[in-house]
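# Report on the structure
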Amino acid sequence: MLIGEALAERRDLVRRSPDLTRLLERLAERARPVLEREPIVPRAKAQLSTDGGVCPNDGAGLLFDPWSPDRHRCPRCGERASGERHHRWWARFQHLWLAERAAHLAAVAAFGGDPQAAKRASALLTAYGERYPDYPNSDNVLGPSRPFFSTYLESIWITNLVAAAVLLREANALEDSAGRAMDQIGEEAAALIGEFNEGFSNRQTWHNAALAALAVWFEDEELLGGALGGPAGLLAHTLQGFGADGMWYEGENYHLFALRGLLVGLDWVRAADMDPRAETEVLERVSGALLAPALTALPDASFPARKDARFGVSLAQPMYLELWEAGRGTPEGSVGLEDWLAALYARPAPAAEMFDSYLHEAGEHAPSHRRREDLSWWMLLSMAPGTHGDAARWQPRSVLLDSQGLAVLRTGGRYASLECGVYGGGHGHPDRLHLTLHEAGVHWLPDPGTGSYVSRDLFWYRSTLAHNAPRLDGISQPPGDAVCEFFDDAGEWSWVQGRYGDLRRTLVSGPEYLLDVLDLSGGEERTLELSWHLTGDLAVTSPGHWEPARLDDEFVRGVERLAAETHGPVAVRATAADRRLTLALSGAAELLRCTGPGTPGAPASRFLVSRSQTVPVRLVTLLSTHDRVLTLTVGADRIEVGAGSGVDAHRQVVDGWQIDGPGGIVRLGGRRPAATVFEPLVTKQRPYVQQGLAPWVDVPPAMDGTLDGFDLSHPLALDHEDQYRRSEEPYPGAEDFAATAWANWDDEALYLAVEVAKPELVLRPADAAPLRLDNEPDDIHSDGLQVYLALPEGGDVGALIVPDEGEARLRVRAVGEGDPPDVTGDWTPTETGYCVTLAIRVPGWSLRRRGEKVPFDLIVNEMRSGRERRAGQLVWSGRGGWVWLRGDRQPRASFGELELT
């Protein structure tokens, strides 16, 4: 952001730079529609739902049109959808689009002297000043917000509004009403954003940017200091969120989002006459962060959809071009960025995408090629005046991102990568040792990333089976990190070897083929499965026939196994876009073919699974796009590949991998040091473990919704502020919401009575229409209970329980994906609320003994009338916090303990 003399100097630079002059002219042209008619400021708060913004006919995402609040066209069938859900989906993007337009107009006014643009920008600020208090801070999904359902959206929005106000103020074009509006909005927004610190999160980077912007507006040094230097401030995110290899810990998708927030935030800090990038360590880390996505980019210039990422998004999107343009305009801009940018600009322009933090092209068609003048108002303030890159010089090589554990092998036009690093936080996937392959212009083995967070297929994309990764015993990999043991690039040959538990995967990339070796060690028999999600039409060319088989998974159908007629490797051919990939698969006891979801937005597709049930086992696969026939022979200690130039003999050696071929011996080494495990920015140690007593009873209680028969000598209280997880409002106090529970036991069951004090009982009826808000069970948005127990033989059970006014009396469902425990009981209303009594029977309970401590937890949900989502919950084990995104889950590490007496 530019203030005072800096703005005057930038104006002069814009006049002298042909590129910046063209950008200003293009911005003025693009502002014309907003000047010719008054834009629509929504009166609705945005809403996140499963059906808002989705075509009811075919499920396609509706098109956002900033001039059409009530009718939304489907790009697939052409029909238009209307209704409140669609309108509130539209409001999300409209709020963000208007804030961008306010900054856009203010930049045109400040640099071009356009009084009409200044007037319209001031009018938008004034309109939001009038409406902001009317947007309810309730029913949020992730953090407090008025116009939105999550704080990070408000942070993006307010950052643009402050930019508009500051530019107008510095240009002496800010109307008094707009200044007062910014004061009013900014004061409350700062409080909302400031109280919801998400710690180590990509979203928190945007919170910091917003707080830094507001600090500049209010000239608040304390607020600026927290946004910059706090435990989760911009500096901490720079030095710890972006690893030593430059990549944000949650992968490329969130790297790009967090990097934009970081650069915007640092711009605001510089506006306050502070420059953190003067520090060498910060300078180096930001430089690495700017270059990292270029190092891992696929040959088609999209980023790999690792972890929770959008699939198939081009890095030539203008929002991303702006990151490197901004980086070039600062001291940390590297020579590599010049050539990388030139290579991106030389590509045909990808279709315009919508992003929360970038709606500059909303409603527009992409040009054939994007140029610097196609970018947004931010570039008028930060883009370098000229460029000197050469697209031909950009030639990326094989690379290992150490802190990510991502190894990329580039050989000719082949791109192969192995995920052998950290899980990746809350956006991580159970896909350790996943293989990605892009060659001959085809993305043969993609990582699917993630589609919508509110659609059911989210659980498919977050499963091991959806990836080209190994899984054991029919279940997704448990969260955990893999390690890279070897990585070496010797020109024509390169390799990587990663390990995850008892699994080790080796990729060897050579001139004509890719060799993939998966080893499972260990002493007990396991079922090893390795998925192959190949692009294109699949054909097994080895003789044999298909017969019905089983592969239990919610999303998989049409499972068949190959009854092979010959021994040896199975040959598979994939054909796409007139290109062909051949595979020779060896070592699997059986090969399955199945149908499952395709990549997000694509139709269902066939995929293969290699499966074996012996230990140790070695699955060897040869992959090649060359037309010549390759042969694969797997021996006890060597693998022979017959290629066009002769036979290559591969084997693991003490300190690497060796290939004996017609041209001589190639030795690949590169043993890696022990990986540094990623540590969260702030480690929160539990100060205590909640303790309670459960007396033995000789006779089971009545279980009729009363306390009859219960031993009430040891109550479990839920009535403290530090036991309350809030949404928007703090704990109302024990007089408005509290609970007392009693636990008893015998050899048959754990008996639980819970008296809840709550003035108004809000129960969700069993026959209520589905809420269609997200993937969480609707019954969490009701008064009711969540109960958790740890089983004697390991594992946990949990139940979500809602009092029901029908015959069933209690509605019980399992938490997570398992079967519900055996729960019986009843409930009754009381003068102060309601009482629930439960008998919980679980396998192995009869083995419990006096004096034993049983991991246990109890949660009481709080619903209020007039709300869409629950208001909060009381948690017996304590620790408070926020209720958002918790669903019906409670981690085992948070349980308290019941001592059986």
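See the structure shown above.
Note that the structure is a prediction, hence the values are computed from the model and not measured.

## Here's the deal with the overall build of the chain
Helix and strand counts for the chain come out as 15 helices and 39 strands. For 901 residues, the compact-globule estimate of 2.2 N^0.38 gives 29 Å, and the C-alpha radius of gyration of the chain, at 30 Å, lies within 12% of that figure. By its C-alpha atoms, the chain is 85 × 85 × 55 Å across when sized along the principal axes. Burial status across the chain gives 58% buried among its 901 residues.

## Digging into the state of the cysteines
Tallied over the entire structure, the rule returns 0 disulfides. C484 provides the cysteine sulfur closest to C420, a residue in no disulfide bond, and the two sulfurs are 4.1 Å apart.

## Some thoughts on the pairing of strand β10 (residues 494-500)
When you tally the buried positions in β10, you get 6 out of 7 residues, the bulk of the element. Where strand β9 (residues 483-489) and β10 come together, 6 bridges link them in antiparallel fashion. Across the sheet, the residue bridging to V483 is R499, located in β10. Between β9 and β10, which pair antiparallel and follow one another directly, the connecting turn spans 4 residues, one of which, G491, has a positive phi of 95°. With 7 bridges joining them, β10 and strand β11 (residues 503-509) adopt antiparallel strand pairing. Paired with V496 across the strands is L507, a residue of β11. Between the end of β10 and the start of β11, which pair antiparallel, lie 2 residues, with G501 showing a positive phi angle near 60°.

## Details of helix α10 (residues 252-271)
Here α10 spans 28 Å end to end across 20 residues, near enough to the 28 Å set by a 1.5 Å rise per residue. Within α10, 19 of the 20 residues are buried, leaving the element largely enclosed by the surrounding structure. In the segment just after α10, D273 is the residue with positive phi, at about 65°.

## Describing the sheet that holds strand β16 (residues 557-564)
Spatially, β8-β13-β20-β19-β16-β15 is the arrangement adopted by the 6 strands of the open sheet, whose pairing is antiparallel. Bordering the open sheet on either side are β8 (470-472) and β15 (544-548), each of which pairs with just one other strand. Pairwise comparison of adjacent strand axes, ignoring direction, gives a mean angle of 30° for this sheet. Looking at chain direction, strand β13 (residues 528-532) and strand β20 (residues 605-612) are connected through 5 bridges and run antiparallel. Note that in β20 the partner of L530 across the bridge is S610.

## A closer look at unusual backbone geometry
With an omega of 0°, the peptide bond between V615 and P616 qualifies as cis. Here E219, not a glycine, exhibits a phi torsion of approximately 55°, which is positive. Its location among the elements puts E219 in the loop between α7 (202-218) and α8 (221-229). In this model, L885 sits at a positive phi of 65°, which is unusual for a non-glycine residue. Examined against the element boundaries, L885 turns out to sit in the loop between β38 (872-875) and β39 (896-900).

## Quick look at the environment of L24
As for its position among the elements, L24 is in helix α2 (residues 18-36). In this structure the C-alpha to C-alpha distance between L24 and S376, which are 352 residues apart in sequence, comes to 9.4 Å. Look past the residues within four positions of L24 in its chain and what remains in contact with it is V14, V108, F111, G112 and L380.

## Section: the nonpolar core
In terms of nonpolar packing, the biggest core is built from 136 residues, with W157, I158, W268, Y320, W324 and W377 touching the most fellow members. In terms of residue count, the dominant contributor to this core is helix α3 (residues 84-112) (17 residues). Every residue in contact with W268, bar those within four places of it in the chain, is listed here: M1, T159, V162, A163, V166, A209, A212, A213 and V216.

## What about the side chain of N468?
Residue placement: N468 occurs in the loop between α15 (458-461) and β8. Classification of N468 by relative accessible area gives buried; the value is 0%. A polar contact of 2.7 Å, which involves the side chain of N468, links it to the backbone nitrogen of H533.

## Regarding helix α11 (residues 280-296)
The terminal C-alpha atoms of α11 lie 25 Å apart, and with 17 residues this matches the ideal 24 Å at 1.5 Å per residue to within 8%. Where α11 bends most, at L290, the angle is about 30°, and the proline P293 comes one to four residues later. Among the residues of α11, those classed as buried are V282, R285, V286, A289, L290, A292, P293, A294 and T296.

## Concerning the packing of aromatic side chains
Counted by the stated rule, this structure contains 29 aromatic pairs. Taken together, a centroid distance of 5.1 Å and an interplanar angle of 85° make the contact between Y128 and W157 edge-to-face. Residue Y128 is located in helix α4 (residues 115-131), and its partner W157 is located in helix α5 (residues 151-170); the two are separated by 29 residues in the primary sequence. Aromatic pair W248 and Y249: ring centres 5.3 Å apart, planes at 45°, arrangement tilted.

## Digging into the sheet that holds strand β35 (residues 822-829)
One open sheet accounts for 5 strands, arranged β28-β30-β31-β36-β35; its pairing is antiparallel. For this open sheet the edge positions go to β28 (716-718) and β35, each flanked by a neighbour on one side alone. For this sheet the average axis-to-axis angle between neighbouring strands, irrespective of direction, equals 15°. Of the pairings in the sheet, the one linking strand β31 (residues 750-757) to strand β36 (residues 833-841) comprises 8 bridges and is antiparallel in character. Across the sheet, the residue bridging to L752 is L838, located in β36.

## A short note on the pattern of salt bridges
Note on pairing: side chains with opposite charge can pair once their charged atoms come close. This model, assessed by the stated rule, comprises 64 salt bridges. A salt bridge links R203 to E198; its shortest N-O distance comes to 2.7 Å. On the basis of relative accessible area, R203 is assigned to the buried category, the value being 16%. The salt bridge partner of E325 is R372, with a shortest N-O separation of 2.9 Å. One end of the pair, E325, is in helix α12 (residues 318-328); the other, R372, is in the loop between α13 (335-346) and α14 (377-382), with 47 residues separating them in the sequence. A relative accessible area of 6% places R372 in the buried class. Each of D19, R22, E325, R371, R372 and E373 takes part in salt bridges that share partners, so that together they form one network.

## Focus: the pairing of β38
Neither face of β38 is exposed, since G872 and L874 on one face and Q873 and V875 on the opposite face are all buried. In the sheet, strand β29 (residues 724-726) pairs with β38 via 3 bridges, with the strands oriented antiparallel. Note on β38: the bridge partner recorded for Y724 is L874. Note that strand β37 (residues 853-862) and β38 share 4 bridges and pair antiparallel. Its bridge partner being in β38, V860 is matched across the sheet by L874.

Procedures and definitions
- Residues numbered from 1 in each chain as written.
- Predicted model: local features only at pLDDT ≥ 70, side-chain atom pairs only at ≥ 80, totals over all residues.
- Heavy atoms only, no water.
- Helix = DSSP H or I, 4+ residues; strand = E, 2+ residues; numbered from the N terminus.
- Rg over C-alpha atoms; globule rule 2.2 N^0.38 Å.
- Buried < 20%, exposed > 50% of the residue type's maximum accessible area, 1.4 Å probe, protein only.
- Disulfide = S-S within 2.5 Å.
- Pairing = 2+ DSSP bridges.
- Expected span 1.5 Å × (residues − 1).
- Axes fitted to C-alpha atoms, helices over the stretch in contact; angles between N-to-C directions.
- Contact = heavy atoms within 4.5 Å.
- Core = buried A, V, L, I, M, F, W, Y, C linked by side-chain atoms within 4.5 Å.
- Polar contact = N/O pair within 3.5 Å; in protein donor to acceptor, adjacent residues only side chain to side chain.
- Bend = angle between axes of the 7 residues up to and from the residue.
- Phe/Tyr/Trp six-rings, centres within 6.5 Å; stacked < 30°, edge-to-face > 60°.
- Salt bridge = Lys/Arg side-chain N within 4 Å of Asp/Glu carboxyl O.

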